[in-house]
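The chain contents come next:
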Amino acid sequence: MFALSIWVLRGIIAVILISLVASTAGTFTVFKGATFFVSGIAHAVLAGAAFGIFITLYFFPFPEFLMTIFFAIFFALAIGYATHRSENVDVSVGIMFAFSMSLAVLFLAMIKEYASVAWGLIIGDLLLLSQEDVLWMSIAVLLILLLFLIFRRKMLFSIFDPEGAEAMGVNPYLYETLLYLLVGIGVVVIMKGVGAILVYALLIIPAAAGKRLSKGVLATGLFALLFSLLSGFGGIALSVLSGITPSALAGLIATFIYFLSYLKRGTVKVP
Amino acid sequence: MIEVRNLTVKYDGHVALENLTFSLEHPSFLVILGPNGAGKTTLLKTFLGLIPYEGEIRIFGKEPREVRNLLGYMPQRDRINRSVPLRVKDVVMMPLLVTIGLKKEVVKRAREALRGVGMEKYWNADFRSLSGGQQQRVFLARTLARNPKAILLDEPFSATDVATKMAVIKILHRLKRERTIILVTHDVNPLVECTDKVLLLNRKMIGFGRLIDVITEENMERLYGTRVPIIRRENVCYTVGGDIHVRP
Ligand SMILES: Nc1ncnc2c1ncn2[C@@H]1O[C@H](COP(=O)(O)OP(=O)(O)OP(=O)(O)O)[C@@H](O)[C@H]1O
Ligand SMILES: [Mg+2]
């Protein structure tokens, strides 16, 4: 009973890694108001996986994980650039969203019977992660944390006051794009564990709830960390007890916490 | 000291500023007046070295890019993302943290700057919960915390009530003894006492000089494209036009 299965252990490590991304890059994405971006990247990842399988089937072996990373990076840069030109994140993400979804459907049609592998990314499963998955996740998350720690102040300045930042020689587009890159890579690794839909639940909702409850950036990040850990661990625990997939349960807990955050009196009104 | 000679700024071929020439001593107080789209923000950004230009600009003897750390900039209010959960101290320290890092001296300078605008007791407050006028004062403190030799303010009075406006002007009045202040506004009326020079801008330079010489019925008509009546009484004159009330 007390011997945790290796799968549960990996799930727990994954939750910790996800929570670290949620409390850093996830929080800043909420500040930027670019949460839709997370869903956009998730679809690019789906397209990337399908394309990777397609290449492997018809041409030469190509690790699909690498392809998803390429797609995520490409879409993050494209959205960063489009935002710079049109000055509206929502529109640029929307266009990229449509583009990547079309690509995904196209490649999925071409890989026919193997499509289920790519579709697995839509659901994801915290309790089905391999040793290799967890290793890749850890490396990617360490990289994200490192870059976040180095550039957090400039990113925050760029999000809060792009013109003021620019006047100080801090290029806001550069740091916004860096944030998109961090989140994009984060989405790739997290999706394996929680799937395309719930990556949003664990990356964005904890930060959104945290923002409602706190006055400062650090407090928001800590709340996001706490909520994300609670949702992930809760999801795994309930899953072990019930046999239902953990990501769905984690998503439910995250949304529940968000609604609870409304109960706190005197929360800050956010325009 | 700022010297501008034959300054022209284009955005993809579209001319935003055309052939401006003027010079300003240090320290002094310059007010820039002009209709929407006149190029006022463009001029400030050109001073900050953010926009390529033709002609010549010398700020304290150097090119704009070289004097960035001598200039403080307060952007137009509507450009700020006010949903970020920041404490007042975080807002004031932000530029210093980016350039210097978290040091004792930074905290001290931020505190002094906040005291200077009468917002010291809000040090730990949630920036989002402040009124528009209080936020403007925090921004002014943020600009001053870097101790710039010249301060560029883009419409600092938009969405502020009379009391805040007067409080900010009082601060600026005190600052102008040792700093050059360049302020973009749509209403020169409350600034009469501190203004040294006025620049009337509508892509081209319509006028530059002392308030009393520059604000004439003829110039105002050229500036806004509509007749702006001016009322003169003793040595003070008021111009009244739409929402513009100018008392040189
Ligand atoms: N980044 C840009 N790219 C292209 N054109 C621009 C850009 N920024 C400003 N313009 C154009 O340059 C002209 C001057 O704009 P600017 O923002 O300097 O005016 P303004 O005097 O500050 O106006 P307002 O009173 O509305 O703030 C306008 O016609 C504007 O459309
Ligand atoms: Mg402007």
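Look above for the structure.
A few points on the structure. These figures come from a predicted structure and were not determined experimentally.

Looking at the overall build of chain B
(1) Moving on: In terms of regular secondary structure, chain B is built from 7 helices and 12 strands.
(2) Moving on: Relative to the 2.2 N^0.38 estimate, which gives 18 Å for 248 residues, the radius of gyration of chain B is 18 Å and therefore close to what a compact globule would have.
(3) Moving on: Overall, the C-alpha framework of chain B stretches about 55 × 40 × 35 Å when taken along its three principal axes.
(4) Moving on: The buried share of chain B, taken over its 248 residues, is 56%.
(5) Moving on: Taking as baseline every contact in chain B between residues at least 6 positions apart, the subset at least 24 positions apart corresponds to 61%.
(6) Moving on: Put simply, chain B shows about 11,000 Å² of open surface, and 46% of that area lies on carbon and sulfur atoms.
(7) Moving on: Charged side chains in chain B number 40 positive and 27 negative. The centres of these two groups are separated by 7 Å.

A few points about the packing of aromatic side chains
Residue and element names in this part refer to chain A.
(1) Moving on: Within the structure shown, the criterion is met by 24 aromatic pairs over all chains.
(2) Moving on: One aromatic cluster is present, formed by Phe51, Phe54, Tyr58, Phe59, Phe71, Phe74, Phe75, Phe99 and Phe107 through successive ring pairs.
(3) Moving on: Seen from the ring of tryptophan 7, arginine 10 lies directly overhead, with NZ or CZ sitting 4.9 Å from the centre.
(4) Moving on: The residue whose ring lies beneath arginine 212 is tyrosine 262, and the NZ or CZ to ring-centre distance is 3.7 Å.

Remarks on the nonpolar core
(1) Moving on: Ranked by size, the top nonpolar core spans 145 residues in total, and within it Val187 and Leu203 of chain A carry the most contacts.
(2) Moving on: The biggest single contributor to this core is helix 8 (residues 172-203) of chain A, with 19 residues.
(3) Moving on: For leucine 203 of chain A, the contacting residues outside a window of four places in its chain are Val21, Ala22, Gly26, Val38, Val183, Val187 and Ile190 of chain A.
(4) Moving on: Within the second largest apolar cluster, 28 residues are counted, among which are Ala167 of chain A together with Val4, Ile57 and Ile182 of chain B.

Observations concerning the coordination of the magnesium ion (ligand 2)
All names here are of chain B.
(1) Moving on: The protein atoms that coordinate the magnesium ion (ligand 2) are Thr41 (OG1) and Gln76 (OE1), at distances spanning 1.9 to 2.6 Å. You can see threonine 41 sitting in helix 1 (residues 40-47) and its partner glutamine 76 sitting in the loop between strand 5 (71-74) and helix 2 (88-99), a full 35 residues away along the chain. For the residue pair threonine 41 and glutamine 76, the accessibility class agrees, reading buried in each case.

Remarks on the sheet that holds strand 7 (residues 180-184) of chain B
All names here are of chain B.
(1) Moving on: The strand order across the open sheet formed by 6 strands is 5-6-7-3-8-9, and the pairing between neighbours is mixed. Taken across any chain shown, the strands that pair with only one partner, and hence form the sheet edges, are strand 5 and strand 9 (204-209). Between one strand axis and the next, the sheet turns through 15° on average, direction left out of account.
(2) Moving on: As paired elements, strand 5 and strand 6 (residues 150-154) share 4 bridges and run parallel to each other. From the neighbouring strand, tyrosine 73 faces strand 6, where its bridge partner is leucine 152.
(3) Moving on: Of the strands in this sheet, strand 3 (29-33), strand 6 and strand 7 are in contact with helix 5 (residues 162-175), which crosses strand 7 at around 145°.

Some details on helix 11 (residues 246-260) of chain A
All names here are of chain A.
(1) Moving on: Between its first and last C-alpha atoms helix 11 spans 21 Å; for 15 residues at 1.5 Å apiece the expected length is 21 Å, and the two agree.
(2) Moving on: Within the sequence span of helix 11, burial applies to Pro246, Ser247, Leu249, Ala250, Gly251, Ala254 and Ile257.
(3) Moving on: Of the surrounding elements, those touching the buried residues of helix 11 are helix 5 (115-123), helix 8, helix 9 (205-213) and helix 10 (217-242).

A word on the sheet that holds strand 2 (residues 14-24) of chain B
Residues and elements named next belong to chain B.
(1) Moving on: Read from one edge of the open sheet, 3 strands run 2-1-4, paired in antiparallel fashion. The sheet terminates laterally at strand 2 and strand 4 (54-59), the two strands that pair on one side only. Adjacent strand axes in the sheet meet at a mean angle of 20° when their direction is disregarded.
(2) Moving on: Sheet topology places strand 1 (residues 2-11) next to strand 2; 7 bridges connect them, and they run antiparallel.

Here we look at the packing of helix 6 (residues 131-160) of chain A against helix 8 of chain A
Residues and elements named next belong to chain A.
(1) Moving on: Packing of helix 6 against helix 8 brings their axes to within 9 Å, and their N-to-C directions diverge by 155°. As summarised for this structure, helix 6 and helix 8 are arranged roughly antiparallel, according to the angle between their axes. Viewed along their axes, helix 6 and helix 8 form a crossing whose handedness is left-handed. Along its contact with helix 6, which presents Asp133, Trp136, Met137, Ala140, Ile144, Leu147, Phe148, Phe151, Lys154, Met155, Ser158 and Ile159, the element helix 8 presents Pro172, Tyr175, Glu176, Leu178, Leu179, Leu182, Ile185, Gly186, Val189, Ile190 and Lys192.
(2) Moving on: Taken together, the residues that form the contact of helix 6 with helix 8 break down as 17 nonpolar, 2 polar and 4 charged.

Some words on the packing of helix 1 (residues 6-32) of chain A against helix 8 of chain A
Residue and element names in this part refer to chain A.
(1) Moving on: Direction vectors running N to C along helix 1 and helix 8 enclose 120°, while the axes themselves pass 9 Å from each other. One way to sum up the angle between helix 1 and helix 8 is to call them oblique. Where helix 1 crosses over helix 8, the two elements pack in a sense that is left-handed. Along the contact surface, helix 1 presents Ile18, Val21, Ala22, Ala25, Gly26, Phe28, Thr29 and Lys32, while helix 8 presents Glu176, Leu179, Tyr180, Leu182, Val183, Gly186, Ile190, Val194, Leu202 and Leu203.
(2) Moving on: Looking at side-chain class alone, the contact of helix 1 with helix 8 contains 13 nonpolar, 3 polar and 2 charged residues.

Details of the pattern of salt bridges
Should their charged atoms come close, side chains of opposite charge can pair.
(1) Moving on: One pass over the structure, following the stated rule, counts 16 salt bridges over all chains.
(2) Moving on: A salt bridge links lysine 192 of chain A to aspartate 133 of chain A; its shortest N-O distance comes to 3.5 Å. Of this pair, lysine 192 of chain A sits in helix 8 while aspartate 133 of chain A sits in helix 6, placing them 59 residues apart in sequence.
(3) Moving on: The class of aspartate 133 of chain A is buried, set by a relative accessible area of 17%.
(4) Moving on: Here lysine 10 of chain B and glutamate 54 of chain B are joined by a salt bridge, their closest N and O atoms 3.5 Å apart. On the criterion of sequence distance, the pair formed by lysine 10 of chain B in strand 1 and glutamate 54 of chain B in strand 4 is long-range, its members being 44 residues apart.
(5) Moving on: Judged by relative accessible area, which is 40%, lysine 10 of chain B ranks as partly exposed.
(6) Moving on: What makes glutamate 54 of chain B partly exposed here is its relative accessible area of 41%.
(7) Moving on: The structure contains a network of salt bridges with shared partners spanning Glu163 of chain A together with Lys45 and Arg79 of chain B.

The rules we used
Residues numbered from 1 in each chain as written. Chains lettered and ligands numbered in written order. Predicted model: local features only at pLDDT ≥ 70, side-chain atom pairs only at ≥ 80, totals over all residues. Heavy atoms only, no water. Helix = DSSP H or I, 4+ residues; strand = E, 2+ residues; numbered from the N terminus. Rg over C-alpha atoms; globule rule 2.2 N^0.38 Å. Buried < 20%, exposed > 50% of the residue type's maximum accessible area, 1.4 Å probe, protein only. Contact = heavy atoms within 4.5 Å. Areas by Shrake-Rupley, 256 points an atom, 1.4 Å probe, with all protein chains shown as cover. Lys, Arg positive; Asp, Glu negative; His and termini not counted. Charge placed at Lys NZ, Arg CZ, Asp CG, Glu CD. Phe/Tyr/Trp six-rings, centres within 6.5 Å; stacked < 30°, edge-to-face > 60°. Lys NZ or Arg CZ within 6 Å of the ring centre and 35° of its normal. Core = buried A, V, L, I, M, F, W, Y, C linked by side-chain atoms within 4.5 Å. Donors = N, O, S within 2.8 Å, 3.2 Å for Na, K, Ca; no water. Pairing = 2+ DSSP bridges. Axes fitted to C-alpha atoms, helices over the stretch in contact; angles between N-to-C directions. Expected span 1.5 Å × (residues − 1). Parallel < 35°, antiparallel > 145°, perpendicular 65-115°, else oblique. Left-handed = near helix turned anticlockwise from the far one by under 90°. Nonpolar A, V, L, I, M, F, W, Y, C, P; charged D, E, K, R; others polar. Salt bridge = Lys/Arg side-chain N within 4 Å of Asp/Glu carboxyl O.

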